[in-house]
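Results of the structural survey
One letter stands for each residue in the lines below.
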Amino acid sequence: MTAAQSMTILILLLTIGMFLWGRWRHDMVALAALLACVLCGVIDPAIAFNGFGHPAVITVACVLVLSAGLQSSGAVDVLARHAMPKHAGLMLSMGVLVGMGALLSGFMNNVGALALLMPVALQLANRLEVPPGRILMPLAFGTILGGMTTMIGTPPNLIVSGFRAQQSSSGFAMFDFTPVGLAVALTGCVFVVLAWRLVPARKQAGTEGFETGAYLTEARVTENSKIADKRLVDIEHEFDDSGAQIVGLIRNDVKINAPSGGRVIRAGDILVLEAEVDSLGAVLSALGLELEESVTVDKPVKSEQQDVEQLSAGQAKNNEAEPAGKNSTAQKAQDNKSSSSEDIVLIELVVRPESSLQGRSATSIMLRSRYSLNLLAVSRDGGRSKSRLRNFRMQAGDLLLMQGTRESVLEFANDYGCVPLAKRELNIPDKRQAVLAGIIMFFAVAGAAFGLLPAAISFALGVLASMVFKTVPARSVYAAIDWPVIVLLAALIPVAGAMEATGAAALIASLLMEYVARGNAVVALAMVLIITMFLSDLMNNAATAAVMCPIAISAALALNVNADSFLMAVAIGASCAFLTPIGHQNNTLILGPGGFKFGDYWRLGLPLELLVVFVATPLLLLFWPL
């Protein structure tokens, strides 16, 4: 083993360890790995950032923009409205929903496909009186499976195609992934629809609303409250019927977690309540409590100068940039103020995995002054916050109960990447734009599929057409791109190249062939598939593909067999993250709305992954012979 190989393997192991640790974002870890390779002399500084111009990276960015055009134009809403049966039973409705999610994911970002269909899934759960999670998890898994059917369906496929282009005259074509991917996706979708009972039933059916879990809410004790001047132990029975409980108390800005039963409640105290969203109103009215964060829209607004000063202070405290074009102004507050109290609504939002809200609080983003919204309550995987609600730092999968005008809530959700968990009206400002968005996507796909243009060029032309015809406003193009994913891909592509150049990938492959596969090509193929699936359950699937592609190619060369079979195994395995909520963004997105725990995913995910291995392995040998 040479020094360069040792250094490369050490950096690779540290990178995987950092991915698994999860303390740093994936793009930070990838950039650190790239810079470490440069500093150690493994990568030439002159080519360190060539990954940002790699066709796979450009294609991913362009597909995200075109997906945004399909979403914002309402084209997907039209499909969902006409395709979903109105009065069908559970199996048929779920089958159509999962199938629709898989179909959309083949041609647009699968996170966007899930976000668009989640409200439909929640409405279906409410109509059929089943726990939302039992529909959300099959839908999430279906959208993940659908991504493996085309080259643009998921970033790992584009990465695999890029590595193939380095080994031969060209990369994979648009539908080269379809024979195996479609068969696996169909089998997987049928399985998740039939096996939906394996999903833990975290909520009881039969009540109104979406049943998205218990919230932590702050409520102030008023002078006329019936619990004022009483001991906690004496008022606990008041909460029995509603299922709410007191988990904390705030007095004089000091929070007491799990206060003792002998503590006396005083007027002006703030109680931290854990309750279902549907029972909050009854609890508050019965006990004479007021939501701490709830304010009327007729409160005086701050001056423009005050808003500018606060915005500047907030930006100085936070390293991450605010959404573009959303600076707070007095005019915006005045517009919200003009709304009557009848316009105020309560809407639940779920924080998406790529949301800029992660790690930030309502105070740090100046929620009230910028949007005239109130954060009334939060829900996170059954956990409890030790900080004040206004200082609660949000994470992907959190549920937020927001109060304000519908327009303000939806604007906030759009700016910060949240999904409203409420019934959405079909809203197509211009049907012509929806048709145009579909036509642009069709020709972009056709240009790449028929080899008329390289994929990156074809989709870049699609983005330009979207801007010209305004299916995606020019100001929204850069906001539609998931920049952490772009940085991750661009940073890891040179690192993967270093694995090949130094011979580290060949060394790892030879060890695996000698001690695990024992020279058997079929066993080696199945092993590559299983290892890729395992890694994708624990770290970003694009990162998994970038790490495994060099190893797969080296394994094929060592066995003197077709490398395409092994690359396709990587593509299938990287699209099968079903065991944990962190393996794929779609798994994270349903964590809060489904009321899931970390260990709930494997119950449906493990048999699904075993099924994928048994179905994909013979199909790989059939369509991509060794």
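Residues numbered from 1 in each chain as written. Predicted model: local features only at pLDDT ≥ 70, side-chain atom pairs only at ≥ 80, totals over all residues. Heavy atoms only, no water.

1. Focus on the packing of helix α5 (residues 90-105) against helix α6 (residues 110-128)
Where α5 meets α6, the axes come as close as 9 Å, and the angle between the chain directions of the two elements is 170°. Between α5 and α6, the angle is such that the two are roughly antiparallel. The segment α5 lies against α6, with L90, S93, M94, L97, M100, G101, L104 and S105 engaging N110, A113, L117, V120, A121, L124, R127 and L128. Across the contact of α5 with α6, the residue classes tally to eleven nonpolar, four polar and one charged. (Axes fitted to C-alpha atoms, helices over the stretch in contact; angles between N-to-C directions. Helix = DSSP H or I, 4+ residues; strand = E, 2+ residues; numbered from the N terminus. Parallel < 35°, antiparallel > 145°, perpendicular 65-115°, else oblique. Contact = heavy atoms within 4.5 Å. Nonpolar A, V, L, I, M, F, W, Y, C, P; charged D, E, K, R; others polar.)

2. Examining the nonpolar core
Counting 157 residues, the largest nonpolar core has L97, I135, F141, F459 and F566 as its most contacted members. By residue number, the principal contributor to this core is helix α21 (residues 541-559), which donates 13 residues. Setting aside residues up to four positions removed in sequence, F566 forms contacts with A521, A524, L525, V528, A552, A555, A556, L559, V561 and L626. Grouped together as the second largest cluster of nonpolar side chains are 20 residues, I365, L373, V378 and M394 included. (Core = buried A, V, L, I, M, F, W, Y, C linked by side-chain atoms within 4.5 Å. Buried < 20%, exposed > 50% of the residue type's maximum accessible area, 1.4 Å probe, protein only.)

3. Quick word on the confidence of the model for the chain
Close reading of the predicted structure is inappropriate where its pLDDT is low. Mean pLDDT for the chain: 78, with 83% of residues reaching 70 or above. Here residues 295-342 is modelled with pLDDT under 50, and outside its nearest four sequence neighbours on either side it reaches 62 contacts, counting other chains as well. Confidence drops under a pLDDT of 50 for residues 423-429, and excluding neighbours within four residues, the segment shows 15 contacts in the predicted structure. (pLDDT = per-residue confidence, 0-100.)

4. What to know about the pattern of salt bridges
What the rule picks out here adds up to four salt bridges. One salt bridge connects D564 with R164, and the closest N-O pair in it is separated by 3.0 Å. With D564 in helix α22 (residues 563-574) and R164 in helix α8 (residues 155-167), the pair connects residues that are 400 residues apart, well separated along the chain. The shortest N-O distance in the salt bridge between D269 and R251 comes to 2.5 Å. Within this pair, whereas D269 is found in the loop between β3 (254-257) and β4 (270-276), its partner R251 is found in strand β2 (residues 245-251), the two being separated by 18 residues in sequence. By relative accessible area, D269 is classed as buried at 3%. (Salt bridge = Lys/Arg side-chain N within 4 Å of Asp/Glu carboxyl O.)

5. Observations regarding helix α24 (residues 602-623)
A rise of 1.5 Å per residue sets the reference length of α24, with its 22 residues, at 32 Å; its end C-alpha atoms lie 30 Å apart and thus fit the reference within 8%. L604, G605, L608, E609, V612, V613, V615, A616, T617, L619 and L620 are the residues of α24 that are buried. Summarising the contacts, the buried residues of α24 are in contact with α7 (133-146), α9 (178-194), α20 (521-538) and α22. (Expected span 1.5 Å × (residues − 1).)

6. Side note on the packing of aromatic side chains
For the structure on display, the rule yields ten aromatic pairs. Ring geometry for F172 versus W624: centroids 5.5 Å apart, planes at 80°, classification edge-to-face. In this pair, F172 sits in the loop between α8 and α9 while W624 sits in the segment after α24, placing the two residues 452 residues apart along the sequence. In this pair, the class of F172 matches that of W624, namely buried. (Phe/Tyr/Trp six-rings, centres within 6.5 Å; stacked < 30°, edge-to-face > 60°.)

7. A look at unusual backbone geometry
One non-glycine residue, D229, lies in positive phi territory at about 70°. Locating D229 in the fold gives a position in the loop between β1 (214-221) and α10 (232-235). Looking at D229, the relative accessible area reads 54%, which means it is exposed. Positive phi is not limited to glycine here, since M366 has a value of about 55°.

8. What to know about the pairing of strand β8 (residues 399-405)
Each regular strand shows side chains that alternate between the opposite faces of the sheet. Extensive coverage of β8 is indicated by the burial of seven of its seven residues. In the sheet, strand β7 (residues 374-379) pairs with β8 via five bridges, with the strands oriented antiparallel. Within the sheet, the bridge partner assigned to S379 lies in β8 and is L399. (Pairing = 2+ DSSP bridges.)

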